[in-house]
Amino acid sequence: MSDEVDVPEDHPRYQSLVTRHRIEDGVEKGITSTQGLIAEGRGEAFDYLLGEETIPSADRAARAAAAHFLLAEHPVISVNGNVAALVPEEVVALAGATGADIEVNLFGRTAERVQAIADHLREHGATEVKGLTADARIPGLSHERAKVDADGIYDADVVLVPLEDGDRAEALGEMGKTEIVIDLNPLSRSARTAAVPIVDNILRALPNVTRHARDLAGSSREELEAIVTEFDRDAALEAAERRLREGALADGE
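Analysis parameters
Residues numbered from 1 in each chain as written. Predicted model: local features only at pLDDT ≥ 70, side-chain atom pairs only at ≥ 80, totals over all residues. Heavy atoms only, no water. Pairing = 2+ DSSP bridges. Helix = DSSP H or I, 4+ residues; strand = E, 2+ residues; numbered from the N terminus. Axes fitted to C-alpha atoms, helices over the stretch in contact; angles between N-to-C directions. Contact = heavy atoms within 4.5 Å. Salt bridge = Lys/Arg side-chain N within 4 Å of Asp/Glu carboxyl O. Buried < 20%, exposed > 50% of the residue type's maximum accessible area, 1.4 Å probe, protein only. Parallel < 35°, antiparallel > 145°, perpendicular 65-115°, else oblique. Left-handed = near helix turned anticlockwise from the far one by under 90°.

Participant: Sorry if this is basic, but what is going on with the sheet that holds strand S7 (residues 196–198) here?
Facilitator: The strands making up a sheet are joined through hydrogen bonds of the backbone, oriented either antiparallel or parallel. Read from one edge of the open sheet, 5 strands run S2-S1-S5-S6-S7, paired in parallel fashion. Where the open sheet ends on each side, the last strands, each with one partner, are strand S2 (101–104) and S7. Here the average twist between neighbouring strands, direction ignored, is 20°. Two strands pair when backbone bridges link them, and strand S1 (residues 75–79) and S2 are joined in this way by 4 bridges, in the parallel orientation. Residue pairing across strands places Val 76 opposite Asp 101, the latter belonging to S2. Packing of helix H9 (residues 202–215) onto the sheet brings it into contact with strand S5 (158–162), strand S6 (178–182) and S7, and relative to S6 it is tilted by some 135°.

This is the structure in structure tokens:
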């Protein structure tokens, strides 16, 4: 982002300030909503309690997520305004490493905003972005996030749902889809619904999943299935909650 140079990299809150700038810039570009600023602040509070680092259980979750992506017939990365503003290049990198589709899905959906996000993702390397057609609906949802592409999220077997999105996470689960959620709050409906809850900052989580996907690219189906089977989602959530409550004392997870 052009105004990130105004924040010196040696500033103790550099990453936090850069993140806020990206969301603000996204609002100006019509990518994010003003509510996105509130959501970012809430997530930042949880990240602070986590020590602003990827804890071991989150890294194990990222590895399991990568295995799910590589096993999937049709994986899809769902993108909202905050995701597009914060990690557009990382979304494209993960899609490239796993063969996943990218689809825009918004609560505050307008045709103009979906188009702006799709254009923004293409500016950062995406070749195809779904979500503009919206010719199918997720059952059980009455708001705009129900609108999805028939050949995208609706048809997917594995869906990455970054950031808090509890009702849609539950609805996708009821459709039988494997959900991977990135959420800094281990108590949220999203995290507790997911097959793979990654309790981490999306700025760290997406590159971690991509790194694991590249490392596992040559693995056999049996090896990938073993990683999926061995992952304990309840233990991951418990470890994250323990870190939030106890801080560094919980490092023995």
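From this point, things continue past the structure.
Participant: Please clarify how the pattern of salt bridges should be interpreted in this entry.
Facilitator: Close approach of charged atoms lets side chains of opposite charge pair. Under the definition given, this model contains 13 salt bridges. In this structure, Arg 122 engages Asp 119 in a salt bridge whose closest nitrogen and oxygen atoms are separated by 3.4 Å. Of the two residues, Arg 122 and Asp 119 both sit in helix H6 (residues 111–123), 3 residues apart, roughly one turn of that helix. Judged by relative accessible area, which is 35%, Arg 122 ranks as partly exposed. Taking the shortest distance from any N to any O, the salt bridge between Asp 234 and Arg 233 comes out at 2.9 Å. Overall, the relative accessible area of 22% leaves Arg 233 in the partly exposed class. One network of salt bridges, with partners in common, ties together Asp 47, Asp 200 and Arg 204.

Participant: Would you explain the packing of helix H3 (residues 56–71) against H9 in this entry?
Facilitator: The relative placement of two packed helices comes down to the angle between their axes together with the axis-to-axis distance. Following both chains from N to C, one finds H3 and H9 inclined at 55°, their axes separated by 8 Å at the closest point. The angle between the axes of H3 and H9 places the two elements in the oblique class. Relative to H9, the crossing made by H3 is right-handed. Taken together, the residues of H9 that come into contact with H3 (itself represented by Asp 59, Ala 62, Arg 63, Ala 65, Ala 66, Phe 69 and Leu 70) are Asn 208, Val 209, Arg 211, His 212 and Ala 213.

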